[in-house]
Amino acid sequence: MEALATFQATLEITLPVFAMVFIGLGLKRARWIDSAFVTTASQLVFKATLPTLIFLSIIRADLETTLNPRMLGVFALATLGSFLLAWGWAWLRVPLADRGSYIQGAFRGNCGIVGLALAAGMYGDYGLSAGGLLLGVVILTYNAFSVIALATHQEEVTTDWRQMLMQIVRNPLILAVVLAMPVALSGLGLPDWVITSGEYFASLTLPLALICVGATLSLEAIRRSGGLAAGASMMKMVTIPVLATTTAWLAGFEGRELGVMFLFFASPTAAAAFVMAKAMGGNAVLTANIIALTTLMASITITLGVFGLQMAGLI
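Residues numbered from 1 in each chain as written. Predicted model: local features only at pLDDT ≥ 70, side-chain atom pairs only at ≥ 80, totals over all residues. Heavy atoms only, no water.

Peer 1: What is the right way to look at the overall build of the protein in this model?
Peer 2: Counting its regular elements, the protein contains 15 helices and 0 strands. Taking 2.2 N^0.38 as the reference for a compact globule, 315 residues should give roughly 20 Å; the C-alpha atoms of the protein span a radius of gyration of 19 Å, in line with that estimate. Its C-alpha atoms put the protein at 55 × 50 × 45 Å along the principal axes. With 315 residues in all, the protein has 52% of them scored as buried. In the protein, the share of contacts with a sequence separation of at least 24, taken over all contacts with a separation of at least 6, comes to 87%. For the protein, the computed accessible surface area is about 14500 Å², with 66% contributed by carbon and sulfur atoms. Between the averaged position of the 16 positive side-chain charges in the protein and that of its 15 negative side-chain charges there is a distance of 12 Å. (Helix = DSSP H or I, 4+ residues; strand = E, 2+ residues; numbered from the N terminus. Rg over C-alpha atoms; globule rule 2.2 N^0.38 Å. Buried < 20%, exposed > 50% of the residue type's maximum accessible area, 1.4 Å probe, protein only. Contact = heavy atoms within 4.5 Å. Areas by Shrake-Rupley, 256 points an atom, 1.4 Å probe, with all protein chains shown as cover. Lys, Arg positive; Asp, Glu negative; His and termini not counted. Charge placed at Lys NZ, Arg CZ, Asp CG, Glu CD.)

Structure representation (structure tokens):
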């Protein structure tokens, strides 16, 4: 009975997130929303509502509890380990032309949307603030490692490292963290009407973003997925979350810190991977198939992962 109650509690956390994803899929198939809507809404989320959500979550957080440099460091090292694991496996098993896209698809998670939504559902304000701080590490490492993987396996493409660095520095999510930290550390409070207005605006983020994720989900792409897409998806959704979360646990993390880290490790492949693969001459079709397949798998693998960690008393 205790296991059943725990599993039901787990579903109450994960199902609302993935319900929004499948609502987005249904709305797209019913033609109530189209590609133009998804493009506009995604830009609104990325450039405005999500940075607002992160900013507010950090300034309201207890940084003495939330800001954990060791947690950020372990997450960065685990991301590096995941990247090297994907690289090594691709070097042994994947054709040269597909290696960059395979590596990126196997390690780059959708932490900014799915991971953050699950962290908020599971841990409330702590999940949002801790997740917002982790996003700073995520943006830096994911973009840098993805460029390295794609550029290394596409010799005819030249990489503008200066431009990549400027894109990272100007990233709205990074800027939100940078702006929020001094406000939070100073203890200065914003006027109530500013906070309330910001909360209204930020509340658009997660439902709108998840609907866009669902609207870009292609069942046809999943049906076309070959062995490479399936292999990368299994690594992203099973192998890496298990290894990375175990490493974090061995490093001494448990409870909500371990829970947030697991949700970020276990997030499906980010849609941004498709944009980068296409821009740098990678296999965009393979990337799209990995994104679709991991997003579909996430509703099962994340639910089972959270349930398992709760039953083991680790989170």
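Peer 1: What's the story with empty space enclosed by the protein in this structure? I'm lost.
Peer 2: The rolling of a water-molecule-sized probe over the atoms marks out the regions of remaining empty space. Evaluation of the coordinates by the stated rule reveals 1 cavity of 30 Å³ or more. Of the volumes computed, that of the largest cavity is approximately 50 Å³. The wall of the largest cavity is formed by Thr 79, Ser 82, Phe 107, Tyr 142, Lys 236, Ile 240 and Phe 265. The set of elements that each furnish at least two residues to the lining of the largest cavity consists of α4 (69–93) and α12 (227–250). (1 Å grid on protein atoms, 1.4 Å probe; cavity = no way out; pocket = protein on both sides within 12 Å on 5 of 7 lines; lining within 4 Å. Points joined across faces, edges and corners; volume = space filled by probe spheres on them.)

Peer 1: Sorry, what's going on with the nonpolar core here?
Peer 2: Nonpolar side chains tend toward joint burial in soluble globular proteins. Of all hydrophobic cores here, the largest spans 95 residues; its most connected members are Ile 54, Ile 58, Phe 75, Phe 264 and Ile 302. Tallying contributions element by element places helix α6 (residues 111–152) first for this core, with 21 residues. Filtering out sequence-adjacent residues up to four positions away, Phe 264 remains in contact with Phe 75, Cys 111, Gly 115, Leu 116, Ala 119, Gly 131, Leu 134, Leu 135 and Val 138. Counting residues in hydrophobic clusters, the runner-up holds 5 residues, among them Val 147, Leu 150, Ala 151 and Met 276. (Core = buried A, V, L, I, M, F, W, Y, C linked by side-chain atoms within 4.5 Å.)

Peer 1: Looking at this model, I keep getting lost on α4. Mind explaining?
Peer 2: With 25 residues, α4 should cover 36 Å at 1.5 Å per step; its first-to-last C-alpha distance of 36 Å lies within 8% of that length. Among the residues of α4, those classed as buried are Met 71, Val 74, Phe 75, Ala 78, Thr 79, Ser 82, Phe 83, Ala 86 and Ala 90. Of the surrounding elements, those touching the buried residues of α4 are α5 (96–107), α6, α12 and α13 (255–265). (Expected span 1.5 Å × (residues − 1).)

Peer 1: Mind showing me how you'd approach a nonpolar patch on the surface here?
Peer 2: A cluster of nonpolar side chains, namely Leu 85, Met 234, Val 238, Val 242 and Leu 243, defines an oily patch on the protein surface of about 400 Å² accessible area. Looking at which element gives the most residues to the nonpolar patch, the answer is α12, with 4 residues. Residue position: Val 238 is located in helix α12. Take Val 238: its relative accessible area is 32%, and that puts it in the partly exposed class. (Patch = residues over 30% accessible without salt bridge, like charges linked within 9 Å, V, L, I, M, F, W, Y side chains within 5 Å. Salt bridge = Lys/Arg side-chain N within 4 Å of Asp/Glu carboxyl O.)

Peer 1: Would you explain the packing of aromatic side chains in this entry?
Peer 2: Here a ring pair, both rings aromatic, is described through the centre-centre distance and the interplanar angle of the planes. Within this structure, the stated rule accounts for 8 aromatic pairs. With 6.2 Å between their ring centres and 80° between their planes, Phe 75 and Phe 264 make a pair best called edge-to-face. Here Phe 75, found in helix α4, pairs with Phe 264, found in helix α13; they are 189 residues apart in sequence, far enough to count as distant. Arg 70 extends its terminal NZ or CZ atom over the ring of Phe 253, reaching a point 4.3 Å from the ring centre. (Phe/Tyr/Trp six-rings, centres within 6.5 Å; stacked < 30°, edge-to-face > 60°. Lys NZ or Arg CZ within 6 Å of the ring centre and 35° of its normal.)

Peer 1: So what exactly am I meant to see when it comes to unusual backbone geometry here?
Peer 2: Excluding glycine, residues mostly have negative phi values, and the peptide bonds linking residues are mostly trans. Even without being a glycine, Arg 31 presents a positive backbone phi close to 65°. Examined against the element boundaries, Arg 31 turns out to sit in the loop between α1 (2–29) and α2 (35–59). According to the relative accessible area criterion, Arg 31 is exposed, its value standing at 77%.

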